Amino acid sequence: MINPTEQLSKLSLNGFEALFRAAQISLDSTERLVKLNFELSKQSLEENVKLTRELGSLKTPQDALTRLNKLATQSLEQAVANSRSVYDIVSETQAELGKIAESNFNELNKSVISNIDLLSKNAPAGSETAVNALKSGIAAGAAAINSMTKAAQKVAEFADYSVKADNSATVD
């Protein structure tokens, strides 16, 4: 016999576990971003102090111009490296959260199908067609979502490849 309270309790518990995992992943990513921001701020302050000292010791305007051009190149390279670091953190977070969402969807789908199987055993005679139609509809919906998920993953992989290629081209 089906125990709806037990099934709802299990489903709720799984939902809370997924929510806690997602919150932990979000907090870890936020911590990594804050640490990166702090390190970059500290590094920027140190570089500005060093630059101020260097510019004060230069003798000619040509030396200052050469130094500023070199600084602009270094700043661009640093900005690209920083954006790559942020992108890596964000894409890792997105991938982990996507895994949680996919896992939860698969568990929900299994639960729904098992409940339909249990209900079909207790269904009146002649309802097999309706039960099969319901199962078929759920399977088609799951297949469509799976297909969209795979397409989204391919788009994300392409975007990742494009960003990394652009970053490499910018640095070179």
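Calculation rules
- Each chain carries its own residue numbering, running from 1 in the written order of its sequence.
- In keeping with the predicted nature of the model, local features appear solely for residues at pLDDT of at least 70, side-chain atom pairs appear and are counted solely at 80 or more, and the whole-chain, interface and lining totals rest on all residues.
- Hydrogens and water molecules were not included; the side-chain quantities draw on all heavy atoms of the structure.
- Strands here mean DSSP runs of E at least two residues long; helices mean DSSP runs of H or I at least four residues long; both are numbered from the N terminus.
- Atoms counted for the radius of gyration: C-alpha only. Globule rule: 2.2 Å times residue count to the power 0.38.
- Note on contacts: a residue pair is in contact if any heavy atoms of the two residues lie within 4.5 Å.
- Only the protein chains shown count as covering a residue, and every accessible area follows the Shrake-Rupley method with a 1.4 Å probe.
- Residues scored as charged are limited to Lys and Arg (positive) and Asp and Glu (negative), so that His and the chain ends carry no count.
- Where a charge lies is defined by one atom per residue type: Lys uses NZ, Arg uses CZ, Asp uses CG and Glu uses CD.
- Of the two site types, the cavity is a set of points on a 1 Å grid over the protein atoms alone where a 1.4 Å probe fits but cannot get out, and the pocket is an open set with protein on both sides within 12 Å along at least five of seven lines, each lined by residues with an atom within 4 Å of a point.
- Grid points are joined across faces, edges and corners, and a volume is the space filled by probe spheres set on the points.
- For this classification, the nonpolar set comprises Ala, Val, Leu, Ile, Met, Phe, Trp, Tyr, Cys and Pro, the charged set comprises Asp, Glu, Lys and Arg, and every other residue, Gly included, is treated as polar.
- As a per-residue measure, pLDDT tells how confident the predictor is, with possible values from 0 to 100.
- Think of a salt bridge as a Lys or Arg side-chain nitrogen and an Asp or Glu carboxyl oxygen that are within 4 Å of each other.
- Note on exposure labels: buried denotes an accessible area under 20% of the residue type's maximum, exposed denotes more than 50%, and partly exposed covers the range between, all computed with a 1.4 Å probe on protein chains only.
- Like-charged residues are merged into a patch within 9 Å and nonpolar side chains (Val, Leu, Ile, Met, Phe, Trp, Tyr) within 5 Å, provided each residue has over 30% relative accessible area and no salt bridge.
- Pairs of N or O atoms within 3.5 Å make up the polar contacts considered here, provided that, within protein, one atom can donate a hydrogen while the other can accept it, and that residues adjacent in sequence are counted only when both atoms are side-chain atoms.
- Helix span, as expected, comes to 1.5 Å for every residue beyond the first.

Explain the overall build of the chain to me, please; I cannot follow it from the model alone.
Across its full length, the chain carries three helices and zero strands. When the elements of the chain are put in sequence order from the N terminus, they spell out α-α-α. Compactness check: the chain gives a C-alpha radius of gyration of 28 Å against a globular reference of 16 Å for 172 residues, more than 25% above the reference. Taken along its principal axes, the extent of the C-alpha atoms in the chain is 100 × 30 × 10 Å. Long-range contacts, defined as pairs at least 24 residues apart, comprise 78% of the intrachain contacts of the chain with a sequence gap of at least 6. Carbon together with sulfur atoms contributes 62% to the accessible area of the chain, which is approximately 12700 Å² in total. In the chain, 18 side chains carry a positive charge and 21 a negative one; their mean positions are 2 Å apart.

Whenever I open this one, the layout of surface pockets confuses me. Can you help?
Here the idea is plain: a probe the size of a water molecule rolls over the atoms and shows the empty space left. Taken as a whole, the largest pocket spans an internal volume of roughly 350 Å³. Around the largest pocket, the lining comprises 15 residues; the ones closest to its centre are S91, Q94, A95, Q153 and A156. Counting only elements with at least two residues in the lining of the largest pocket, the list comes to helix 2 (61–121) and helix 3 (128–171). Looking at the lining of the largest pocket element by element, the count peaks at eight residues for helix 2. For the lining of the largest pocket, the per-class residue count stands at four nonpolar, five polar and six charged.

Is there a simple way to think about the confidence of the model for the chain in this case?
Interpreting fine coordinate detail is not advised for predicted regions of low pLDDT. Per-residue pLDDT for the chain averages 83, and the proportion of residues at 70 or more is 94%. Mean pLDDT across the secondary structure elements of the chain bottoms out at helix 3, with 77, and peaks at helix 1 (residues 4–57), with 88.

So what exactly am I meant to see when it comes to the pattern of salt bridges here?
Think of it this way: side chains of opposite charge can pair up when their charged atoms draw near. One pass over the full model with this rule turns up three salt bridges. Measuring nitrogen to oxygen at the nearest pair gives 3.6 Å for the salt bridge that ties E31 to K35. Taken as a pair, E31 and K35 lie in helix 1 at a separation of four residues, close to a single helical turn. The partly exposed category is assigned to K35, whose relative accessible area is 48%. The closest approach of N and O atoms between E54 and R67, which form a salt bridge, is 2.4 Å.

Looking at this structure, I do not really get the environment of G98. What am I missing?
Examined against the element boundaries, G98 turns out to sit in helix 2. Take G98: its relative accessible area is 30%, and that puts it in the partly exposed class. Sequence spacing of G98 and A22 is 76 residues, and the spatial spacing of their C-alpha atoms is 9.6 Å.

It is not clear to me how a nonpolar patch on the surface should be interpreted in this structure. Could you clarify?
Residues L8, L11, L108 and V112 make up a contiguous nonpolar surface patch of about 320 Å² in total accessible area. Of all the secondary structure elements, the ones that give two or more residues to the nonpolar patch are helix 1 and helix 2. For V112, the location among the structural elements is in helix 2. Judged by relative accessible area, V112 falls into the partly exposed class, the value being 32%.

Which parts of the structure should I look at to understand the side chain of R67?
Along the chain, R67 falls in helix 2. With a relative accessible area of 15%, R67 lands in the buried category. A polar contact is formed between the side chain of R67 and the side chain of E54, at a distance of 2.4 Å. With sequence-adjacent residues up to four places away left out, R67 is seen in contact with L51, E54, L55, L58 and Q74.

Can you walk me through helix 2 in this structure?
Between its first and last C-alpha, helix 2 extends 89 Å over 61 residues, near the 90 Å set by a 1.5 Å rise per residue. Buried within helix 2 we find R67, V80, N82, I89, T93, I100, N109, N115 and I116.

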